[in-house]
Amino acid sequence: MTPETSIIPRHVGIIMDGNGRWAKKRGQPRTSGHREGLETAKRIVAHASDVGISFLSLYAFSTENWRRAEEEVNFLMGLIKTHLRKQYDFYKERGIRVTHSGDLERIPQGVRDEILLAEEDTRSFDGMTVNILVNYGGRDEIVRAASRYLADGGDPHSLDEDALASNLDHPEIPDLDLMIRTGGEIRLSNFLIWQAAYAELFFSDVFWPDWDVDHFDEALKYFEQRQRRFGGIPG
Ligand code: FPP
């Protein structure tokens, strides 16, 4: 694979699964799996920006994750908040822009403020975009997009794919090229379901805290080998 011939996906999305099982295997609380998972996320963000990925979406907290024990929910919220505050220099150094997808409303104020601040502070950066999904659900995003369209006076009879897409949380972020799920489960779990319509799917049995740059490169290699047809006939 030489840089001239390699096909690098523009937008990669990751379902970072297996933190809880990673911790359980070690007799540790689930929260230590999440702490370690954050370290993996930092490694992968740095590597993805090194190899020239333009957009990286990370599923940090879903609309379904509120059903978890309060202690775990609070821990995850705290982890996201502290990470955003502490990582500014890292993002600045690499020119990484931070964005958020999901419904901000239910997110605790302190975390919400930190998300908005990170978006604001990194808005002018022109490197990779890291899109962090917090209180995110794919169906919820589609419903919110339709509501936005109608609230802006859109004609219900004229609602089409382009109109809906332009009301998603980040219309400027292109469709997903490659979706990765770690941790052994083979499902989408409401992750970017609109944007993933034509994505290549890569599943790994490895728990997220054990993921390394080599696993990410393996996923890129898989992507490169796929013949991408978008429902058409190859020319
Ligand atoms: C799924 O594993 C993981 C999560 C719900 C949380 C992921 C969050 C992080 C790794 C923190 C990253 C934060 C940022 C800001 C990028 P699970 O708990 O469902 O694992 P299990 O299936 O083994 O129980």
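Reading guide: rules and limits
- Residues numbered from 1 in each chain as written.
- Predicted model: local features only at pLDDT ≥ 70, side-chain atom pairs only at ≥ 80, totals over all residues.
- Heavy atoms only, no water.
- Core = buried A, V, L, I, M, F, W, Y, C linked by side-chain atoms within 4.5 Å.
- Buried < 20%, exposed > 50% of the residue type's maximum accessible area, 1.4 Å probe, protein only.
- Contact = heavy atoms within 4.5 Å.
- Salt bridge = Lys/Arg side-chain N within 4 Å of Asp/Glu carboxyl O.
- Helix = DSSP H or I, 4+ residues; strand = E, 2+ residues; numbered from the N terminus.
- 1 Å grid on protein atoms, 1.4 Å probe; cavity = no way out; pocket = protein on both sides within 12 Å on 5 of 7 lines; lining within 4 Å.
- Points joined across faces, edges and corners; volume = space filled by probe spheres on them.
- Nonpolar A, V, L, I, M, F, W, Y, C, P; charged D, E, K, R; others polar.

Draft legend 1. Fine view of the nonpolar core. If you look at the biggest cluster of nonpolar residues, it comprises 39 residues, and the most contacted ones within it are I14, V45, I180 and F216. Setting aside its immediate chain neighbours within four residues, F216 contacts V12, I14, I44, H47, A48, V51, I53, I180 and W211. Counting residues in each nonpolar core, the second largest holds ten residues, with Y59, F191, L192 and A199 among its members.

Draft legend 2. Looking closely at the pattern of salt bridges. In the structure shown here, the tally under the stated rule is 16 salt bridges. Of the charged contacts, one joins E39 and K42 as a salt bridge, the two residues approaching to 3.2 Å between their closest N and O atoms. Placement of the pair is E39 and K42 together in helix 2 (residues 30-51), with a separation of three residues, close to one helical turn. Across the pair E72 and R68 runs a salt bridge, and its minimum N-O distance is 2.8 Å. Among the residues examined, E72 registers a relative accessible area of 7% and is labelled buried. For R68, a relative accessible area of 33% corresponds to the partly exposed category.

Draft legend 3. Region of interest: the layout of surface pockets. If you add up the space inside the largest pocket, you get close to 730 Å³. Top contributing element to the lining of the largest pocket by residue count: helix 2, with seven residues. Of the residues contributing to the lining of the largest pocket, the split by class is 17 nonpolar, ten polar and nine charged. Of the voids in this model, the second largest pocket is the one considered here, and its volume is about 250 Å³. Taken together, 13 residues line the second largest pocket, and the ones lying closest to its centre are E161, A165, L168, D175 and W194. Residue composition of the lining of the second largest pocket, grouped by class: eight nonpolar, two polar and three charged.

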